[in-house]
Amino acid sequence: MSKAEFVGAAPPSAQYLEWLRQERRGRMIVRATQLAILVAFLILWELAPRLDLINPLFTSYPSTIWPTFLELLNATPQQASILAHTWSTVFATVVGFTTAMLFGTAIASALWWWNGLYRVLDPYLVVANAMPKTAFVPLFYIWLGATFSIYGMSLAISLFITILMIYSGFQGIDPNKIKLAQTFGASKGQVLTKVVLPGSVPTLIATLKVNAGLSLVGVVVGEFQSASLGLGYLIQYGSQIFKMNIVMTAITLLAIASSLMYLAISWLEAAVMRRR
Amino acid sequence: MGIAANSPKVELRDVGLRYFGREGETEALKGISLSVAPGEFVAIIGQSGCGKSTLLSLISGILSPTEGSVLVDGGDVTGPSRKVGYMLQQDYLFEWRTILENAVLGAEIQGANMAMARERATQLLTRYGLGQFLQHLPRQLSGGMRQRVALARTLCTEPDIVLLDEPFSALDSQTRIALADEVSEILRREGKTAILVTHDIGEAVSMAERVIVLSRRPGRVKSDHAIRFKTVDGARPAPFAARNAPEFNGYFNALWRELEVHVEG
């Protein structure tokens, strides 16, 4: 039924081929510009300290990142391998946003089920979402201990926005679709599982995109305080001993980890949306 | 069931419905009494906001009247029933389900045998010319095709009574008239009792054997018109043919005048 199939019967016209070429050119220009910005940034970062425009003590150099990475690969008695640090952070983040999605969906469903509950809790949820959760990092450390304070912060920072986004997605379901299910005698549970939840899949994915990023923030901030493992810890450690190359390497790994997470979610989104 | 042939399929006795809101209460329907015989095709017309759709919601059991009673096959309606199928103003197909999965939705909700439901839905869809679209998604179909899927979804649960709430209003006029022909042919052949709600006088006259006019809010039964066409074989003409019958304009104008009274006051 797609347009391409429709036209596909006849050989493509010269204009269409020209249009395709223009399309491809446009895409290449965008990609090339993106790459150029990254390269320019790295060159500037490398040259500015070398030309004494800024103090290398504060910024290190991009060229030191790879050697630093190789150096940190080896575990020492005092320090775990950088791979262990990275894995620890990524694992805590995945735990954080997965729990946030599960709890968030369950709580949003409960709020949908009992409208009275939503009306009571609404102001508390809004305030909880607006609170700077990072203010609780020291408290969480005391309450939950070194490991669980990190998971706790990751969950706390992403849970409330997850609940609010999913609940508003539930509210956005066309009431006529619910009415349709009711004309067949659907129970409240059937309305939830056959209409509201499947109809909210795009909202769930949009929420996942938001809370994966937030969970990573929660983990890194939690690690600043309490961890002896993780990229947040490594950043803290590097800055304390004034080794900016360690800090920059850890930050680069964070950037790579969040890009990979974003790619994975985009891939999931494409897989799910193909059915729509 | 032991129901005499002349006992009504659907009966409303002095039904009233009020909606409550902070601004006060709204009387949507008042003192409605009417009955529909088995196999009859009745149209209910009235201006928008006169409570036509509310009337269907009462018969389907998703709303309860605040006064009076609604009966189907002589029994009080207490909730949605398998005897009643409801076609809404738009198809409301679920975009995440294939055409076949959409058509079996009712059967799935009612906990019916799914293998049989799928077989029946496939038969219905094939009969409506959608046989090669079973695994397609709703967005790949045109408006008229989607509304046919909605009809298959309604009939898949084998209701005796089919409620039609302006089911063609979202379609372009050509598709609308063609689909009216198909739907009324299907419902008559299967011997269904049908209640069509519309504000389109032509649609009502061409499809129904009886047209009931509702007054403005609160809706009451204003008048009840039998629609008869003389044909060679005595059978009811298809809606499109009915539009060209000599009697059509007489009925149309009579109903038009009744609705116009409301506009003036």
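Everything quoted here is computed from the prediction, not taken from an experiment. (Residues numbered from 1 in each chain as written. Chains lettered and ligands numbered in written order. Predicted model: local features only at pLDDT ≥ 70, side-chain atom pairs only at ≥ 80, totals over all residues.)

**Concerning the domain arrangement of chain A**
All names here are of chain A.
Next, step 1: Split by domain assignment, chain A resolves into domain 1 (3-59) and domain 2 (62-273).
Next, step 2: Measuring from the centre of the C-alpha atoms in domain 1 to the corresponding centre in domain 2 gives 31 Å.
Next, step 3: Facing the 6 residues of domain 1 at the interface are 4 residues of domain 2.
Next, step 4: Counting only elements with at least two residues in the side of domain 1 that touches domain 2, the list comes to α2 (14-50) and α3 (56-59).
Next, step 5: Per-class residue counts for the side of domain 1 that touches domain 2 are 4 nonpolar, 1 polar and 1 charged. (Domains from an automatic or database assignment. Contact = placed C-beta atoms within 7 Å. Helix = DSSP H or I, 4+ residues; strand = E, 2+ residues; numbered from the N terminus. Nonpolar A, V, L, I, M, F, W, Y, C, P; charged D, E, K, R; others polar.)

**Description of the domain arrangement of chain B**
Residues and elements named next belong to chain B.
Next, step 1: Considered domain by domain, chain B is made up of domain 1 (10-83 + 159-264) and domain 2 (93-158).
Next, step 2: Computed over C-alpha atoms only, the centres of domain 1 and domain 2 are separated by 25 Å.
Next, step 3: Counting from both sides, the interface comprises 9 residues of domain 1 and, opposite them, 8 residues of domain 2.
Next, step 4: Per-element tally for the side of domain 1 that touches domain 2: the top contributor is helix α6 (residues 173-189), with 3 residues.
Next, step 5: In terms of residue class, the side of domain 1 that touches domain 2 is made up of 7 nonpolar, 1 polar and 1 charged.

**Some thoughts on the sheet that holds strand β3 (residues 41-45) of chain B**
Residues and elements named next belong to chain B.
Next, step 1: In space, the 6 strands of this open sheet follow the order β6-β7-β8-β3-β9-β10, with mixed pairing throughout. The open sheet terminates on both sides in strands that have one partner only, identified here as β6 (84-87) and β10 (221-226). Going across the sheet, the axis of each strand differs from the next one's by a mean of 15°, ignoring polarity.
Next, step 2: Across 5 bridges, the pairing between strand β7 (residues 161-165) and strand β8 (residues 193-198) is parallel. Among the inter-strand pairings, Ile161 is bridged to a residue of β8, identified as Thr193.
Next, step 3: Its contacts with the sheet put helix α5 (residues 143-156) on β6 and β7, and the angle it makes with β6 is roughly 165°. (Pairing = 2+ DSSP bridges. Axes fitted to C-alpha atoms, helices over the stretch in contact; angles between N-to-C directions.)

**Side note on the packing of helix α10 (residues 201-226) of chain A against helix α11 (residues 231-240) of chain A**
Residue and element names in this part refer to chain A.
Next, step 1: Between α10 and α11, the least distance of the axes is 7 Å, while the angle of their chain directions is 50°. Taken as axis vectors, α10 and α11 run oblique relative to one another. In this structure, α10 meets α11 at a crossing whose hand is right-handed. Contacts between α10 and α11 involve Val219, Val220, Val221, Gly222, Glu223 and Phe224 from the former and Leu231, Gly232, Tyr233 and Gln236 from the latter.
Next, step 2: A breakdown of the residues in the contact of α10 with α11 according to their chemical character gives 6 nonpolar, 3 polar and 1 charged. (Parallel < 35°, antiparallel > 145°, perpendicular 65-115°, else oblique. Left-handed = near helix turned anticlockwise from the far one by under 90°.)

**Concerning the interface of chain A and chain B**
Next, step 1: Facing 18 residues of chain A, the contacting portion of chain B comprises 18 residues.
Next, step 2: Elements with a minimum of two residues in the side of chain A that touches chain B: α8 (175-183) and α9 (188-199) of chain A.
Next, step 3: The element that contributes the greatest number of residues to the side of chain A that touches chain B is α8 of chain A, accounting for 7 residues.
Next, step 4: Taken together, the residues of the side of chain A that touches chain B break down into 7 nonpolar, 5 polar and 6 charged.

**Quick word on the packing of helix α5 (residues 82-113) of chain A against α11 of chain A**
All names here are of chain A.
Next, step 1: With their axes 7 Å apart at the nearest point, α5 and α11 run at an angle of 130° to one another. One element, α5, and the other, α11, form an angle in the oblique class. Of α11, the residues touching α5 (which contributes His85, Thr86 and Thr89) are Leu231, Gly232, Tyr233 and Leu234.
Next, step 2: When grouped by side-chain class, the residues that make up the contact of α5 with α11 number 3 nonpolar, 4 polar and no charged.

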